[in-house]
Amino acid sequence: MSENIMPAEKLQETMDKEPGRVQEALHQLRKNKGAIAGLVIIILFLMTALLAPVIAPHDPLEQNISLRKSAPLTEGYILGADDLGRDLLSRIIYGGRISMIIGVVSVGIALVFGILIGVISGYYGGWLDRIVMRLIDIMLAFPYVLLTIVIVAILGPSLTNAMIAIGISQIPQYVRMVRASVLAEKEADYVTAERSLGASDLELMFRSILPNCLAPISVQATLGVGEAILSSAALSFLGLGAQPPTPEWGLMIASSREFITTAWWIVTFPGIATLLAVLGFNLFGDGLRDMLDPKLRD
Amino acid sequence: MGRFILKRLSLLIPTLLGVVTLVFFMIALSPGDPARVMLGERANKQQLEALRADLGLDEPLGVQYGLYLKRVVKFDFGKSIKSGRPVMEEIKNLFPATIELAFFAMIFATVLGIIIGVLSATRKNTWIDYSSMVGALFGVSMPVFWLALVLIMIFSVSFDLLPTGGRMNVRYYFEAITNFYVVDAIILLFREGDPKYLGSALKHLVLPAVALATIPLAIIARVTRSSMLEVLKQDYIKTARSAGIKERRVVYRYALKNALLPVITIIGLQFGLLLSGAILTETIFAWPGIGKWLYHAIEARDYPAVQGGVVIISTTFVLINLVVDILYTIVNPKIRLQ
């Protein structure tokens, strides 16, 4: 790549432009309606998750037998009540808490291991890299959903294990992405320069190279949160994630199955909540990608 | 091209060996004792030890692994704890149902996805484009199991148009021949002249196929659109247009052919993923395929069945990806002519 060899004045010029990049990104964000919509949705869900005890009109676990399967808009139960007379809206609000935590923790697990393995593998190369990539190929030989289900089945069904399983299943995509960026960056002039100035491998890997690989990772991580929310809902739906009476969206949908003939709201609303939350992360992730990849801008 | 295919093929064996090994160790090292699961809580020590010896579970892990490999090469995964029948036999009986479902889902997703993708690319920034892409975004953001329930709620419960589950009207006397019910129903149509079997088989396919197709449909539409936009910008398209060739011909004859190259890869990948996505769809629609079977095997801690099911699904997934990669090099003139 000839871009690696840059005349000094050009380098200076590029560096002068640096502060402009943040403004440029903000400008792009303002232009990207989808990304803004996504960001607004994410913020709304985060706020309701944080303020759940304040906002929720009822206790999500409180059963009111006389109000079992009340239709929406009855007696302060805006979205109605479920089969045990629990307020659906409050359960959805608390469910948002769980989903946000699952999303962030699973992606956190995947990020930590993915980045660590990817950086080391890409930086050192050689036999280590070959072994790592073979292992990643093997993990990718399992379809994603199947891998999470099998891991949870082995660890035992629970919300924590669901998070671990989702996190592990997402590791390969980060390893591949980080490794590819590290391979592209490690021969760059600035790395050579810093190495000749006596920077250690550790410093080179995590202080010099890694920050330059963060753009694609941030896109993937945003989309990954949405993916994790969907997967955890699916696992809970199958009885492999959250256990009753936890107000988890997938579990709420699962326990409403018997009532689809009599109480449509019990199945409908938790699904819409899941859809909206995931939509927020997907919109924002897609928007981020468009902003960071000038090629995609039209 | 030949070298690429050879290289790709040479990676197949280590990958499959890795899959088989990983499945073995994940299950061997998981907490819980298969012998205990098989005999239940009441079994005494002697019974447990006898069964362990019988299953080879008292051998060191390395020996167990060796024995397991020897059997797996012959597609022998032992007997299901739940049914007592050989795991491979059960899989063979159930696989056609899953393949049939995945096949119809994929046809639906591919045809509709490409149409939507081409329409939004050729009508970029119109309401058709916007609504298609918003629709596609909803498609990838939706919990599919929820969509399945909503579909049942609307089409089965409210309007009573389609069955809620199963593969065939249970009141029909229907003897499966190939276990691909649509094929069987067509055979029966010719043999007995009665179209009711085919009608029922197709009716039962609609909802699960649509639910299963949601994600691939959305992804295929998005990839087709962006690939089409890329191709339409190219010089040869401009040349074709300036030569006065009709727009329809330019789009469908010249642009689409090249735009479909990346779509092929996506279709293959999604088809493989459908096999595991089927776990949810099959469970909801009581579709007697390998997904539902595997789910119940996991629930019952039926280790041999889980082992066999996971190995077979993953192997199929790997093989489909291999075929797609090879197909891609054959179809893509840039690689083929090298």
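So, here is what we can say about the structure in this document. (Residues numbered from 1 in each chain as written. Chains lettered and ligands numbered in written order. Predicted model: local features only at pLDDT ≥ 70, side-chain atom pairs only at ≥ 80, totals over all residues.)

1. Observations regarding the overall build of chain B
Argument step 1. Looking only at helices and strands, chain B has 14 helices and zero strands in total.
Argument step 2. With respect to the principal axes defined by its C-alpha atoms, chain B has extents near 85 × 55 × 40 Å.
Argument step 3. For chain B, with 338 residues in total, the buried portion stands at 39%.
Argument step 4. Taking as baseline every contact in chain B between residues at least 6 positions apart, the subset at least 24 positions apart corresponds to 72%. (Helix = DSSP H or I, 4+ residues; strand = E, 2+ residues; numbered from the N terminus. Buried ≥ 20, exposed ≤ 12 C-beta atoms within 10 Å, placed from the backbone. Contact = placed C-beta atoms within 7 Å.)

2. Here's the deal with the overall build of chain A
Argument step 1. Per the secondary structure count, chain A includes 12 helices and zero strands.
Argument step 2. Each helix and strand of chain A, placed in order from N terminus to C terminus, yields the pattern α-α-α-α-α-α-α-α-α-α-α-α.
Argument step 3. The C-alpha extent of chain A, read off along each of the three principal axes, is 75 × 45 × 30 Å.
Argument step 4. Among the 298 residues that make up chain A, the fraction classed as buried is 45%.
Argument step 5. A sequence separation of at least 24 residues applies to 69% of the contacts in chain A between residues at least 6 apart.

3. Comments concerning the interface of chain B and chain A
Argument step 1. Facing the 34 residues of chain B at the interface are 33 residues of chain A.
Argument step 2. Listed by contribution, the elements that provide at least two residues to the side of chain B that touches chain A are helix H1 (2-28), helix H6 (127-141), helix H7 (144-158), helix H11 (247-284), helix H12 (290-299) and helix H13 (303-331) of chain B.
Argument step 3. Counted by class, the side of chain B that touches chain A contains 26 nonpolar, eight polar and no charged residues. (Nonpolar A, V, L, I, M, F, W, Y, C, P; charged D, E, K, R; others polar.)

4. Description of the environment of Ile154(A)
Argument step 1. Here Ile154(A) lies in helix H6 (residues 144-155).
Argument step 2. Taking the C-alpha atoms as reference, Ile154(A) lies 9.7 Å from Ala165(A); in sequence the two are 11 residues apart.
Argument step 3. With sequence-adjacent residues up to four places away left out, Ile154(A) is seen in contact with Met26(B) and Ser30(B).

5. Remarks on the nonpolar core
Argument step 1. In this structure, Phe145(B) and Ala148(B) are the most contacted members of the largest nonpolar core, which totals 169 residues.
Argument step 2. Counting residues per element, this core draws most heavily on helix H9 (residues 196-232) of chain B, which supplies 19 residues. (Core = buried A, V, L, I, M, F, W, Y, C linked by C-beta atoms within 7 Å.)

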